[in-house]
Amino acid sequence: MAWGKVLVAAVVFFLQSFLLLVAAEATNTASVPVTNNTEAKVRCVERERKALLRFKQNLTDPSDRLASWIGKECCKWRGVFCGVQTGNIIRLDLKDTSGNCYQKKMGYLISGNLSCLGGNISPALLDLQHLEYLDLGGNDFQGLATPTFLGSFEKLQYLDLSHSSLVGIPPSFGNLSSLQYLSLRAYSYPYDTVESSVKDLNWVSSLSSLTYLDLSYVNLSSATHWLESVNKLPSLVTLSLQSSSLHRLPHSFPNWNMTNLSILSLSGNNFVDSVLPKWLSNATTLETLDIGLTKIEGPISNVEWGKLCNLRELYLTEDKINGDISRLVEGLSSCSNTTIEVLSLPGNRLTGQFPNSLGHLKNLRIISISFNQVSGSIPTSIKQLSRLEILDLGQNQLKGALPESIFNFTELTQLFLATNDWEGTLSENDFAKLHQLKFLAISCGERFAVNLSSEWIPPFSLTSIEVRKCGLGPQFPTWLKTQKQLQVVILSDDSISDPIPPWFWTMCSQLQLLDLSENGIGGNLPRLVNFPSSQSRTVDFYSSYNDGVVVDLSSNSFHGLLPLWPNVTHMNLANNLFSGSIPINVGHVMTKLRVLDLSGNNFTGSIPYSITRVKQLMRLDLSDNHLSGKIPDWWNDLQQLHVIDLSGNNLSGDIPPSICSPPSLFWLRLSRNNLFGELPRSLSSCKSLLTLDIGENKINGTIPEWFGESLLSLQKLSMMDNMIGGRIPTQLCQLFGLQILDLSHNNLTGPIPSCLGSWRALKSVKFYKWHPNYYHFSYVFTPKMELVKKGTRMTYTFTIDQVNLIDLSFNNLDGEIPNEITGLSALGTLNLSGNQLSGRIPEDIGSMQQLETLDVSSNHLSGSIPLSMASITTLSYLNLSYNNLGGPIPSKNQFGTFTNPSSFEGVAFVSIVVDFIAVTKGGVVDLSWNYLSGGIPPSVCSSPSLFWLKYLSNHKSLLTLDIGDYKINGTIPGRSRECLLSSCRLRQEASLAWKRLLIIAAMARSIACPGRQDVKLLTIK
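Residues numbered from 1 in each chain as written. Predicted model: local features only at pLDDT ≥ 70, side-chain atom pairs only at ≥ 80, totals over all residues. Heavy atoms only, no water.

1. Describing the overall build of the protein chain
Okay, step 1: Across its full length, the protein chain carries nine helices and 67 strands.
Okay, step 2: Taking all 1021 residues of the protein chain together, 58% fall into the buried category.
Okay, step 3: For the protein chain, the share of sequence-separated contacts (at least 6 apart) that also reach a separation of at least 24 residues comes to 63%.
Okay, step 4: Element-wise, carbon and sulfur atoms account for 50% of the exposed surface of the protein chain, whose accessible area totals about 39,300 Å². (Helix = DSSP H or I, 4+ residues; strand = E, 2+ residues; numbered from the N terminus. Buried < 20%, exposed > 50% of the residue type's maximum accessible area, 1.4 Å probe, protein only. Contact = heavy atoms within 4.5 Å. Areas by Shrake-Rupley, 256 points an atom, 1.4 Å probe, with all protein chains shown as cover.)

Set out below in structure tokens:
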């Protein structure tokens, strides 16, 4: 993903914040003329001076900001402003402008005294009866209840309590009838609780003079009729309700009353199941509209964009909006005077093509449509957008040649073109006019290349460079030496194999992100590299890459000892050739680490104790090495850990009791080790755990009942290939969010609990992203999990959340397959093979509409194949072999509707053997070793992706087989469409894979294609 996306978001945030400040300043300067220390004749009103002193006595002032509050002339005191004619205090501005108080609350480590005020807000302020302006923003009142008396200032026009850590909005605020400006933005942070939520906004409707209202980050989850309340404010110009926990956005709203509204920001709310509202078409005065990051969906055409002719900035970032992008562009371009400057639509589901009318939007400065499905070529009319500063077209389906005019935009500062289907070649000359360029992101493909010589001298000075898959190597590009302001370097999968030159390591002193992953670079890494220092603070796991130093050198050929670079916060050296022990002082030197990924190397020895010194560590991945010894029991020292992956080593012993001590731990993988013993009760402390993978160990005992009582957040559970016995506890049915359950290859007994059919996560298909801010999330965490699906072992990463699987195979389960399990309509894989199950296949199995893999082989099932299978059009792997099934094969279309081979994600063909079929590219039907009778229906052979049909040892021989014109490790002989059994001899020919194929054919006597001269007969001797 393009690192510059984060910077685009920063630009967007700056623009939004600037507009809010402008609006605030407009209100501020509208006040009555005031004086501070310029009017020597103005005498402070004594009663008001005493009131201020009583107010001061109740405050804490660690930096002595109010040191000037002495003497008789209070009009000269800091933050106090008096009226010129009366001397009354009309303005009290005690906002903390240093920002260090806010930074402290956000988790930064701040040295020295904080400049913010605290303590109590004294009712002595009521003696300031002429007060028009009150600003206490940015201070820290540490959860103090917002004083009710603040609603008593009849003349108050301006009230700012933003970021002041006050809790609650008293209804008395509705009495401030003169109020024009009200900002309670994040007023209660970090003391936000359910109790501090605002029940309703009815009090707002009384503030008829209000022009500016900012309740961003205030919990408004209970204010279901918020829109009706604010709609009673006809003078409102700015409305900001960002990240306010709103969940209701009416689709229609007939009586629009905010006829002066210019800025509407609703971003960061949770409008689940809400669609882009049609009433926005009535907000014709809007200049800025921001409803990004709200999960809003529906077609872009819901709004009549041609009516919003005053619109300057549109932000629909990372929603679920679909439809043709041309409807938006054509609507905006229909205005006689197009004003749109910012078009920010990344991370949606927009389709279609840019219309030629794009060129009418001549004021555009920013176009951002990354992570959509926009197709077609860029219209030539784009040449008219000469004011463009940011052009972000990355991660779409755009094709064709890039218009030359793009490279003539002399104001362009950010250009993102990665991951499309461009054609042609970019050369050094194309960039000759882009002198202002700061951010560049490009990726190449089969028809698109970048031709840059190593000695090129670019005309720009970049801050961020991202070039992927463009074959810049094998030499390390020396033109980077000319880029003196670089902070981000991403040269991933660029065929670079030469060692990294010394001059580049010197440049690292200014780099915030370095990604040279997936190249062929070898050699030893320098022991010391001076990356820039980052400020220590508590950060959000998902976006921690924004606030640190990221180094990703994974998937190369570096070897030697592990380097220790003190300032790095995210280090990924996975899949290299490092060896030896992990240095015992790694935690003493790299104390700022938040992510450490050393997976896929050759490290030996034990896990060093010094890791406990890395208090901010959020992810530790030491998987797929040769580490030995016991898993240490010091995890209570790492309270920030979210991810622990120690899988694929030689670790032994019990699972340590403290491993669930980190309260935010959501991913725990200990699979493929030599762990033994029973599952410890301490695992019940993993309250936040989403994934638990302890497969392929030697764990014994039973599945504890408390699993279903304590691990209620669990979504993925794998205990495959252990020695676990006993029954499957019914308490597991309480894990309603479970979407992956793999208990295969154990010693489980008893029946399959029928209550498994109650798992809600397997009843509906979901669209899931790891996190809205996913552009560089892989630098923080890439999920990994191995599963057997469609007959073969597969490793999943970011697609793991699209996998819905139950695998109970190779145990000693008995009884019938519960019919309730057919209610899991979103289940993709069901594997019950290798058990002692009896009875019939449930008749309602056809209701499992997402089923791709069904394996119930090697049981004692009887009866006929249910007719309802005809409706499972997604089925691509079916194994019913080694049972006691009887009757005819259903003659409907269920075996002729196998999925497209692309659904198998390009995994290679594995094997075909006599008594087991494992094919991962195409459809598989195994009906062998039953008592089926009659012929094989022609519909079986009509499947375009059927790769193998196994029908041995049944009552009738194979009559008809159609495997089409596809490939199984070689070309199917001839172009046969109907291959009938005959007594023709078979001749030996071709590869081992063909021999395996023909072993099965030989057991069906022989195979030939009569009447077709182009079909060769194959034999095996």
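2. Description of the nonpolar core
Okay, step 1: Of all hydrophobic cores here, the largest spans 239 residues; its most connected members are L92, W305 and F504.
Okay, step 2: Ignoring anything within four residues of it in the chain, the contact list for F504 reads F476, L480, V489, L511, L514 and L516. (Core = buried A, V, L, I, M, F, W, Y, C linked by side-chain atoms within 4.5 Å.)

3. Digging into the pattern of salt bridges
Pairing between side chains of opposite charge can happen when their charged atoms approach one another.
Okay, step 1: Applying the stated criterion across every chain, the model contains 26 salt bridges.
Okay, step 2: Between R793 and E696 there is a salt bridge; the shortest N-O distance is 2.6 Å. Of the two residues, R793 sits in strand β51 (residues 792-796) while E696 sits in the loop between β44 (691-693) and β45 (698-699), which places them 97 residues apart along the sequence.
Okay, step 3: On the accessibility criterion, E696 (22% relative accessible area) is partly exposed.
Okay, step 4: Linking R840 and E843 is a salt bridge whose minimum nitrogen-to-oxygen distance equals 3.6 Å.
Okay, step 5: Accessibility expressed as a relative area gives 44% for R840, which makes it partly exposed.
Okay, step 6: Accessibility expressed as a relative area gives 40% for E843, which makes it partly exposed.
Okay, step 7: Taken together, the shared-partner salt bridges in this structure form one network comprising D624, D645, R669, R672, D693 and E786. (Salt bridge = Lys/Arg side-chain N within 4 Å of Asp/Glu carboxyl O.)

4. Some words on the state of the cysteines
Okay, step 1: In total, this model carries six disulfides according to the counting rule given.
Okay, step 2: In this model C660 forms its disulfide with C686; the gap between the sulfur atoms is 1.7 Å. When the S-S torsion is -85°, as for the bridge of C660 with C686, the disulfide is left-handed. Note that C660 is positioned in the loop between β41 (650-653) and β42 (667-669) and C686 in the loop between β43 (674-677) and β44, a separation of 26 residues in sequence.
Okay, step 3: For C660, a relative accessible area of 4% translates into the label buried. (Disulfide = S-S within 2.5 Å.)

5. A look at helix α2 (residues 46-57)
Okay, step 1: The terminal C-alpha atoms of α2, which comprises twelve residues, lie 17 Å apart, in line with the 16 Å expected from a rise of 1.5 Å per residue.
Okay, step 2: Residues of α2 that are buried: E48, R49, A51, L52 and F55. Considered in projection along α2, the buried side chains sweep an arc of 160° and stay on one side of the axis.
Okay, step 3: The inward-facing, buried residues of α2 abut β2 (59-60), β3 (80-83) and β4 (89-93). (Expected span 1.5 Å × (residues − 1). Arc of directions from axis to C-beta.)

6. Let's talk about the sheet that holds β45
Okay, step 1: Pairing is parallel across the open sheet formed by eight strands, whose spatial order is β31-β33-β35-β37-β39-β41-β43-β45. The strands lining the two open edges of the sheet, one partner per strand, are β31 (522-523) and β45. (Pairing = 2+ DSSP bridges.)

7. Points about the sheet that holds strand β17 (residues 320-324)
Okay, step 1: Read from one edge of the open sheet, three strands run β15-β17-β19, paired in parallel fashion. The strands lining the two open edges of the sheet, one partner per strand, are β15 (297-299) and β19 (349-351). Direction aside, neighbouring strands of the sheet carry axes that sit 10° apart on average.
Okay, step 2: Bridge count for β15 against β17 is three bridges, and the pairing is parallel. Across the sheet, P299 pairs through a bridge with N322, a residue of β17.
Okay, step 3: Lying over the sheet, helix α5 (residues 325-333) contacts β17 and β19, oriented at roughly 75° with respect to β17. (Axes fitted to C-alpha atoms, helices over the stretch in contact; angles between N-to-C directions.)

8. Considering the confidence of the model for the protein chain
Okay, step 1: Looking at the protein chain, pLDDT values average 82 and 79% of them are 70 or higher.
Okay, step 2: Long-range and interchain partners of residues 893-922, a stretch whose pLDDT sits below 50, account for 90 contacts in this model, where long-range means more than four residues apart.
Okay, step 3: A low-confidence stretch, residues 938-948 stays under pLDDT 50, and its non-local contacts, those more than four residues away or across chains, total 42 contacts. (pLDDT = per-residue confidence, 0-100.)

9. Concerning the pairing of strand β27 (residues 448-451)
Okay, step 1: What you see with β27 is a clean split: F448 and V450 sit on the buried side and A449 and N451 on the side with no burial.
Okay, step 2: In this structure, strand β25 (residues 421-427) lies alongside β27, joined through four bridges in parallel fashion. Paired with S427 across the two strands is N451, which belongs to β27.

10. Side note on unusual backbone geometry
Okay, step 1: Here G473 and P474 are connected by a cis peptide whose omega angle stands at 10°.
Okay, step 2: Mapped onto the secondary structure, P474 falls in the loop between β28 (464-468) and β29 (488-490).
Okay, step 3: Its identity is not glycine, yet N575 carries a phi of approximately 55°, on the positive side.
Okay, step 4: In this structure, N575 sits in the loop between β34 (570-572) and β35 (577-581).
Okay, step 5: Assessed through its relative accessible area of 42%, N575 is described here as partly exposed.
Okay, step 6: Even without being glycine, Y882 reaches a positive phi, approximately 55°.
Okay, step 7: Inspection of the secondary structure assignment puts Y882 in the loop between β58 (877-879) and β59 (884-888).
Okay, step 8: Judged by its relative accessible area of 29%, Y882 falls in the partly exposed class.

11. Notes on the packing of aromatic side chains
Okay, step 1: In the structure shown here, the tally under the stated rule is 25 aromatic pairs.
Okay, step 2: Here F173 and W203 contribute two aromatic rings whose centre-to-centre distance is 6.3 Å and whose plane-to-plane angle is 80°, an arrangement assigned as edge-to-face. Of this pair, F173 sits in the loop between β9 (166-167) and β10 (181-183) while W203 sits in the loop between β10 and β11 (212-214), and the two are 30 residues apart along the sequence. Accessibility assignment for this pair places F173 and W203 in one class, buried.
Okay, step 3: Here W634 and W635 contribute two aromatic rings whose centre-to-centre distance is 4.7 Å and whose plane-to-plane angle is 45°, an arrangement assigned as tilted.
Okay, step 4: Taken together, the ring pairs connect F476, W503, F504, W505, F531 and W565 into an aromatic cluster.
Okay, step 5: When the ring centre of F81 is taken as origin, the NZ or CZ atom of R91, which lies over that ring, is 5.0 Å away.
Okay, step 6: Geometry around Y133 places R91 over its ring, the cationic atom sitting 4.1 Å from the centre. (Phe/Tyr/Trp six-rings, centres within 6.5 Å; stacked < 30°, edge-to-face > 60°. Lys NZ or Arg CZ within 6 Å of the ring centre and 35° of its normal.)

12. Regarding the pairing of strand β53 (residues 812-816)
Okay, step 1: Bridge count for strand β49 (residues 747-750) against β53 is two bridges, and the pairing is parallel. Opposite G750, over in β53, you have L813 as the bridge partner.
Okay, step 2: Of the strand pairs in this sheet, β53 and strand β55 (residues 836-840) are connected by three bridges, and their pairing is parallel. Its bridge partner being in β55, G815 is matched across the sheet by L837.

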